[in-house]
Amino acid sequence: MLAGKKTGGFSAPAQLRDKAGRILRLGQYWDQDTNEWTGVADGKFKESLGVGAALADWDEDADLDLVLGSSGGHLFLRRNEGSKEKHAFAPESEQLMCGKEPLKVSSGEAIPTLADWDGDGLFDILSGGASGGAVWFRNIGKRGAPAFTPAATLIESRGPRGQGSPADPTWPGRRTQVHAADYDSDGDLDLLVGDHCTDERIGAAKPEMHGWVWLFRRLTPAR
């Protein structure tokens, strides 16, 4: 977390910690000192690698909780058991479910963002994925008790690089990250999509790697 200053700018980065004082991690991580994957020894999801987080007042208790995404595509909740002024995150994550099945981005690399995509007053979960595109988990619960449908495709995946050449693609590549905003001020949410694009041709002397940002304007009403 980088805390904002009243005078402008941000404080130095600080690691989020749970209420027991431990660094807040979903599960395993790459240990730079030992050059190996290290799991959270007593964590329920110690094999999961956290790759994204979003904030929401999940349970309507006036403080912000964390929605976490993993490289495997699963989504988790880390509740704030403290207050708005002094967060105290639970020592364990909760796996988010769709009925009896885990909520999941099928291609992996779930990096969630929250937005009321269908305009019903409830936040939904949007995410990109390892193979590209964007999906929508619709919230069909109620305020303070979210419940979600399986992933619906908002933007289809068209392969690891999208269409076209790596230097001039015509569609988002892989490992997409999404953000919803009324980009054109027409009263509905559009999608901004960032990607990871590589030239993976066999024998390429110097594979090209870069990211692009794409705008998908919404053409139909939310409801």
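Our structure's up above, just so we're on the same page.
Residues numbered from 1 in each chain as written. Predicted model: local features only at pLDDT ≥ 70, side-chain atom pairs only at ≥ 80, totals over all residues. Heavy atoms only, no water.

Re the overall build of the chain
Going by this rule: A helix here means a DSSP run of H or I that spans at least four residues, while a strand means a run of E at least two residues long, and both kinds are numbered starting from the N terminus. Categorising residues by exposure relies on relative accessible area from a 1.4 Å probe, with only protein chains included: less than 20% of the type maximum marks a residue as buried, more than 50% marks it as exposed, and the intermediate range marks it as partly exposed. We call two residues in contact whenever any of their non-hydrogen atoms come within 4.5 Å of each other. Per-residue and other accessible areas were derived by the Shrake-Rupley procedure at a 1.4 Å probe size, with only the shown protein chains allowed to occlude residues.
From N to C terminus, the chain includes 0 helices and 18 strands. The buried share of the chain, reckoned over its 223 residues, is 37%. Residue pairs at least 24 apart in sequence account for 39% of intrachain contacts in the chain once pairs closer than 6 positions are excluded. Only carbon and sulfur atoms are counted for the fraction: they give 52% of the accessible area of the chain, which is about 12,700 Å².

Focus: the packing of aromatic side chains
Inclusion rule: Between the rings of Phe, Tyr and Trp (Trp by its six-membered ring), a pair exists once the centres lie within 6.5 Å; its type follows the angle of the planes, with under 30 degrees stacked, over 60 edge-to-face, and the other angles tilted.
One pass over the full model with this rule turns up 6 aromatic pairs. With a centroid separation of 5.4 Å and 80° between ring planes, the pair formed by Trp30 and Trp37 is classed as edge-to-face. Here the aromatic rings of Trp58 and Phe123 are separated by 5.6 Å at their centres, their planes lie at 50°, and the arrangement is tilted. Linking Trp58 in the loop between β3 (50-56) and β4 (65-70) with Phe123 in the loop between β9 (112-115) and β10 (124-127), this pair joins segments that are 65 residues apart in sequence.

A few points about the nonpolar core
Keep this limit in mind: Among buried residues, those of type Ala, Val, Leu, Ile, Met, Phe, Trp, Tyr and Cys that are joined through side-chain atoms within 4.5 Å constitute a nonpolar core.
The biggest cluster of nonpolar side chains holds 16 residues, and the ones touching the most others in it are Leu75, Leu96, Leu103, Ile125 and Phe137. Those elements that provide at least two residues to this core are β3, β5 (75-78) and β11 (134-137). Once you skip the residues sitting within four places of it in the chain, Ile125 turns out to touch Val67, Leu75, Leu96, Leu103, Pro112, Thr113, Leu114, Val135, Trp136, Phe137 and Phe148. The next biggest cluster of nonpolar side chains, apart from the first, holds 12 residues, and it includes Ala134, Trp136, Val178 and Ala180.

Observations regarding the environment of Asp188
Its place among the elements puts Asp188 in the loop between β15 (174-181) and β16 (190-198). Accessibility expressed as a relative area gives 16% for Asp188, which makes it buried. In sequence terms Asp188 and Gly119 are 69 residues apart; their C-alpha atoms lie 8.7 Å from each other.

A look at the sheet that holds β11
As a reminder of what qualifies: For two strands to count as paired, DSSP must find a minimum of two bridges between them. All axes are obtained by fitting lines to C-alpha atoms, using only the stretch in contact for helices, and the reported angles, taken between N-to-C directions, cover 0 to 180 degrees.
Taking strand neighbours across the sheet as the criterion, the 4 strands line up as β9-β10-β11-β12 in an open arrangement whose pairing is antiparallel. A single partner strand is all that each edge strand has here, and the edge strands are β9 and β12 (152-155). Going across the sheet, the axis of each strand differs from the next one's by a mean of 30°, ignoring polarity. When β10 meets β11, the two strands line up antiparallel, connected through 3 bridges. Bridged to Ser127 within β11 is Val135.

A few points about the layout of surface pockets
For the record, the criterion: Throughout, the protein atoms alone are placed on a 1 Å grid, and a set of points is a cavity if a 1.4 Å probe fits but cannot get out or a pocket if it is open with protein on both sides within 12 Å along at least five of seven lines; lining residues have an atom within 4 Å of a point. Grid points are joined across faces, edges and corners, and a volume is the space filled by probe spheres set on the points. Residues are grouped as follows: Ala, Val, Leu, Ile, Met, Phe, Trp, Tyr, Cys and Pro are nonpolar; Asp, Glu, Lys and Arg are charged; every other residue, Gly included, is polar.
Here the largest pocket defines a volume of roughly 330 Å³. Together, 15 residues line the largest pocket, and Leu24, Arg25, Leu26, Gly50 and Val51 are the ones closest to its centre. Elements that contribute at least two residues to the lining of the largest pocket include exactly β3 and β4. Looking at which element gives the most residues to the lining of the largest pocket, the answer is β3, with 4 residues. What the second largest pocket holds in volume is close to 250 Å³. Its residues assigned to classes, the lining of the second largest pocket comprises 6 nonpolar, 3 polar and 3 charged.

Quick word on the sheet that holds strand β6 (residues 94-95)
With antiparallel pairing, the 4 strands of this open sheet are ordered in space as β3-β4-β5-β6. Each edge of the open sheet is held by one strand with a lone partner, namely β3 and β6. For β5 and β6, the ladder comprises 2 bridges, and the chain directions are antiparallel. Considered in β6, the bridge of Leu77 is made with Glu94.

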